[in-house]
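# Examination of the molecular architecture
One-letter residues, chain by chain:
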Protein chains: 2
Amino acid sequence: MDFWYEFASTYSYPAAMRVEALAAARGVAVTWRPFLLGPIFVAQGWRDSPFNIYPAKGRYMWRDMERICASMGLPLVRPDPFPQHSLLTARIALVLGDDERPAFSRKVYRAEFGEGRPIAEPATLAPILDGLGLDADDVLVRAQNPDNKERLKLQSARAIEIGLPGAPCLVTVDGEVFWGNDRLEDGLDWALRR
Amino acid sequence: MDFWYEFASTYSYPAAMRVEALAAARGVAVTWRPFLLGPIFVAQGWRDSPFNIYPAKGRYMWRDMERICASMGLPLVRPDPFPQHSLLTARIALVLGDDERPAFSRKVYRAEFGEGRPIAEPATLAPILDGLGLDADDVLVRAQNPDNKERLKLQSARAIEIGLPGAPCLVTVDGEVFWGNDRLEDGLDWALRR
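Please read all numbers here as calculations on a predicted model, not as lab measurements.

Here we come to the interface of chain B and chain A. Across the contact, 19 residues belong to chain B and 19 residues belong to chain A. Summed over both sides, the interface of chain B with chain A buries roughly 2,000 Å², with 52% coming from carbon and sulfur. Where Glu 176 of chain A meets Arg 63 of chain B, a salt bridge forms, and the shortest distance between an N and an O atom there is 2.6 Å. Summed over the shared surface of chain B and chain A, the number is 13 residue pairs in polar contact (both at pLDDT 80 or more). Every element with two or more residues in the side of chain B that touches chain A is listed here: α4 (55–72) and β4 (177–179) of chain B. A per-element tally of the side of chain B that touches chain A places α4 of chain B first, with 7 residues. A class-by-class count of the residues in the side of chain B that touches chain A yields 10 nonpolar, 2 polar and 7 charged.

And the structure:
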């Protein structure tokens, strides 16, 4: 099944840290699919994160994130500004191989929400790539290649086609969508029903 | 702890059907607090349910409700129109005793989302009250009493003060809010930590 995630999305952080162990425990294979929520938000008339537009939702989300991260032993620092610009990171994640993407993505989330570092900056991203044994300069060039930019646009358009209401989402091979960090188990269990 | 719910809210239906057994299994006492989401939505600039305003959210929610209700063995019929006007029902629920409110509320949810019946109509509500051994005529008069109307306004204002982002919510005695049918277990488990 597919794990759809957005680097600027708060709840994608604990989900990214949980999903592989949950999938492995069930013997389910998961493909990581980074996408951009921006076009989905714009289609709904939002020019900012709904957590900023709607203060009650935002206050609730940050307190909820504190509880979730505490229960998982994860650090939590609010990125400033929030949300972070996630375009470059998403392009990098997409240009990596399916086997490299999860580790890179988790390290980005850790830098962003665990340490409050700016994820739009190559200065944040290059050391993460180097740390994974990748050639950061080469990856950054390939990430900004027109073909890869177009691929991310298509992937984000596909997210709209599927009807993803937000991030993170698990999507089963039979097209069921499970939205939210708190629905990972339900999504993976659905896959087991087949 | 407090179970805050809105009769027009879809996810409040499975939550209302689940919460008492979950609470009893943990030895946690729960007070049912009906409130109106309308003022919260208006404060966010919404004149309709966000599930109607944002089609991707709406489509996702209805499919999710189908899955949840199927897994619980609950019937699901989409009320028409959606959302239903919940003012009268909320007033009735509030004027009832704490011990009468849960059973009344579950029967209303069953009529609304299980059978598609109009919950703004005394013709739907009176037989439910009678079936619970209550005097429907007397309850309807007391529900429309100015004091009770004011009490519902205050209860809904309290929901805004607490910062409820939607319905259903569990609120612990130490002020933690857990939003959503899928967070009932987390909310009740939090109460046990004390």
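From this point on, the discussion continues.
Bringing the relation of the copies chain B and chain A into the picture now. In screw terms, the move from chain B to chain A is a rotation of 180° and a rise of 0.0 Å along the axis, fitting with an RMSD of 0.0 Å. The symmetry that links the two subunits is that of a two-fold axis. For chain B, the minimum C-alpha distance to the rotation axis belongs to Asp 182 of chain B and amounts to 3.6 Å. The overlap is high: 100% of the interface residues of chain B also sit at the interface in chain A, so the same surface is used on both sides.

Residue and element names in this part refer to chain A. The UniProt record annotates "active site" (unreviewed entry) at Ser 9. Here Ser 9 shows up in the loop between β1 (2–5) and α1 (12–26). With a relative accessible area of 8%, Ser 9 lands in the buried category. Discounting chain neighbours no more than four positions away, the residues touching Ser 9 are Tyr 109, Phe 113, Ala 167 and Pro 168. A polar contact of 2.7 Å, which involves the side chain of Ser 9, links it to the side chain of Ser 12.

Definitions and cut-offs
- Numbering of residues begins from 1 in every chain and follows the order in which that chain's sequence is written.
- Chain letters and ligand numbers both follow the written order, the letters beginning at A and the numbers at 1.
- It should be noted that, the model being predicted, local features are given only for residues of pLDDT at least 70 and side-chain atom pairs only at 80 or more, the latter also being counted only at that level, while totals for whole chains, interfaces and linings use all residues.
- Side-chain metrics rest on all non-hydrogen atoms present in the structure, leaving aside hydrogens and water.
- Residue contacts are counted whenever heavy atoms from the two residues lie within 4.5 Å of one another.
- Two parts placed together each lose some accessible area under a 1.4 Å probe, and adding up what both lose gives the buried area.
- Any Lys or Arg side-chain nitrogen found within 4 Å of a carboxyl oxygen on Asp or Glu counts as a salt bridge.
- We call two N or O atoms a polar contact when they sit within 3.5 Å, provided that within protein one can donate a hydrogen and the other can accept it, with sequence-adjacent residues counted only if both atoms are side-chain atoms.
- Helix and strand labels come from DSSP, where a helix needs a run of H or I of at least four residues and a strand needs a run of E of at least two; each type is numbered from the N terminus.
- Note on residue categories: nonpolar means Ala, Val, Leu, Ile, Met, Phe, Trp, Tyr, Cys or Pro, charged means Asp, Glu, Lys or Arg, and polar means any other residue, Gly included.
- Least-squares fitting of one copy onto the other uses the C-alpha atoms of those residues that reach a pLDDT of at least 70 in both copies.
- UniProt positions are given in the numbering used here, feature names are shortened, and annotations may be inferred rather than shown by experiment.
- We call a residue buried when its accessible area falls under 20% of the maximum for its residue type, exposed when it is over 50%, and partly exposed in between, using a 1.4 Å probe and counting protein chains only.

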